[in-house]
Amino acid sequence: MERNPFFDNAKVLLIFLVVFGHLIQPFIEASVGMNTLYTWIYTFHMPAFIFLAGFFAKGFGDKGYIAKLAKKLLIPYVVFQLIYSSYYYVIGKSNWLTDIFYPHWSLWFLISLFCWHMLLILFKRFPIYASLSVAVLLGISVGYLAAIGHSFSLSRTFVFFPFFLLGFWLKEEHIMLLKRKSVKITSLVVMAFFAVAIYIAPEINTGWLLASKSYFDLGMQEFGGIARLLVYLTSTIMAASVLAWVPTMRFNMTKLGERTLYVYLLHGFIIQYFRAYDVFEVNNVLDVLGLAGVSAIIVLLLSSKPVLTFSQPLIECRTSLLRKKLKTSE
């Protein structure tokens, strides 16, 4: 059965927003508009990305799956942790030397993705409502534990797990209900409402959306659980609203949805270079559009065949593309 283009289109959009969000992050403190855009994107882009990862985890449990998953996620994590440490040292970042289990940049996603699959071993044994309820309670509870934070990506693993689990439980026909006209119209109101709300209250701590800090660090030790529940509701509604507008048609760009891991792991080298040398500045809307264009170019570049060919050994521990290229050049 042919893969529904909707899912790859969604992954292309979300990986673009990951790159764009990282690119505009240095400018959010100087502009309410940039802060609004950044926070608005972060309300949904990682929850939606993780939701789709859960949807594609339905084959979990097949023979040899865990070993394949470790090869796909943990080995690249160790490799890129070392590479990023070296790269950070070269460009002069002060935090270049960290513990192997304190993820650089966006590498937390690899550890968490492996852990989410491991958690499925237990959670898929229970009915959907029971498993989701327990997952949400865990995500809320870990915020009260100051010891659980960025190390081992523990905080993000538990906080984001409900989105992964929801993606695992839902079927394609459930997700396609988002394409109803009534849902799409409502989603426009939802997206506009949260954009205005963020603009009016720019002091919102984006740490709630990053999910790597305890409630104590976020300044809400007593009522943090209520705040996180509200964040869950906001992220779920926003993710559904954005996905409602993802097209179901196949485009030339659709195939890039199968290459998002490459973009995710490699874009940090480009973004960190831009940050280290203050390559860009934002003074008007045209500058923001320019950064969006740069983000699109980064996605296209890192999804290109040459990049895939030479980075596949590091990311997939395979050389099939390189061997194919050498064979055709003979």
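No experiment lies behind these values; they were computed from the predicted model shown. (Residues numbered from 1 in each chain as written. Predicted model: local features only at pLDDT ≥ 70, side-chain atom pairs only at ≥ 80, totals over all residues. Heavy atoms only, no water.)

Caption draft 1: Region of the structure containing the overall build of the chain. In terms of regular secondary structure, the chain is built from 15 helices and zero strands. For a compact globule of 330 residues, the expected C-alpha radius of gyration is about 20 Å, and the chain comes in at 20 Å, within 12% of that figure. Considered along the principal axes of its C-alpha atoms, the chain spans approximately 65 × 50 × 45 Å. Across the 330 residues of the chain, 47% fall into the buried class. Considering only intrachain contacts with a sequence separation of at least 6, the fraction spanning at least 24 residues in the chain is 79%. In the form shown here, the chain has an accessible surface area of approximately 16800 Å², with 67% of it arising from carbon and sulfur atoms. (Helix = DSSP H or I, 4+ residues; strand = E, 2+ residues; numbered from the N terminus. Rg over C-alpha atoms; globule rule 2.2 N^0.38 Å. Buried < 20%, exposed > 50% of the residue type's maximum accessible area, 1.4 Å probe, protein only. Contact = heavy atoms within 4.5 Å. Areas by Shrake-Rupley, 256 points an atom, 1.4 Å probe, with all protein chains shown as cover.)

Caption draft 2: Focus on helix α9 (residues 181-200). Here α9 spans 29 Å end to end across 20 residues, near enough to the 28 Å set by a 1.5 Å rise per residue. Next to the buried residues of α9 lie α2 (32-42) and α11 (224-243). (Expected span 1.5 Å × (residues − 1).)

Caption draft 3: Highlighting the nonpolar core. Counting 97 residues, the largest nonpolar core has Ile50, Phe109, Trp116 and Phe164 as its most contacted members. With eleven residues, helix α1 (residues 5-24) is the largest single contributor of residues to this core. Beyond its immediate sequence surroundings of up to four residues, Ile50 is in contact with Trp108, Phe109, Trp116, Phe160, Phe163 and Phe164. (Core = buried A, V, L, I, M, F, W, Y, C linked by side-chain atoms within 4.5 Å.)

Caption draft 4: Expanded view of the packing of aromatic side chains. If you walk through the whole model with that rule in mind, you get 30 aromatic pairs. On the basis of an interplanar angle of 80 degrees and a centroid distance of 5.2 Å, the ring pair of Phe6 and Phe7 is categorised as edge-to-face. Of the residues examined, Phe7 reaches a relative accessible area of 2% and is grouped as buried. Measuring from ring centre to ring centre gives 6.4 Å for Phe80 and Phe269, while their planes differ by 45 degrees; the resulting arrangement is tilted. Remark: Phe269 occurs in helix α12 (residues 260-276) and Phe80 occurs in helix α4 (residues 65-91); sequence separation between them is 189 residues. Note on accessibility: Phe80 and Phe269 belong to one class, buried. (Phe/Tyr/Trp six-rings, centres within 6.5 Å; stacked < 30°, edge-to-face > 60°.)

Caption draft 5: Region of the structure containing the state of the cysteines. Counted according to the given criterion, the structure contains zero disulfides. Between Cys115, a cysteine without a disulfide, and Cys317, which holds the nearest cysteine sulfur, the sulfur-to-sulfur distance is 18 Å. A relative accessible area of 28% means that Cys317 is categorised as partly exposed. (Disulfide = S-S within 2.5 Å.)

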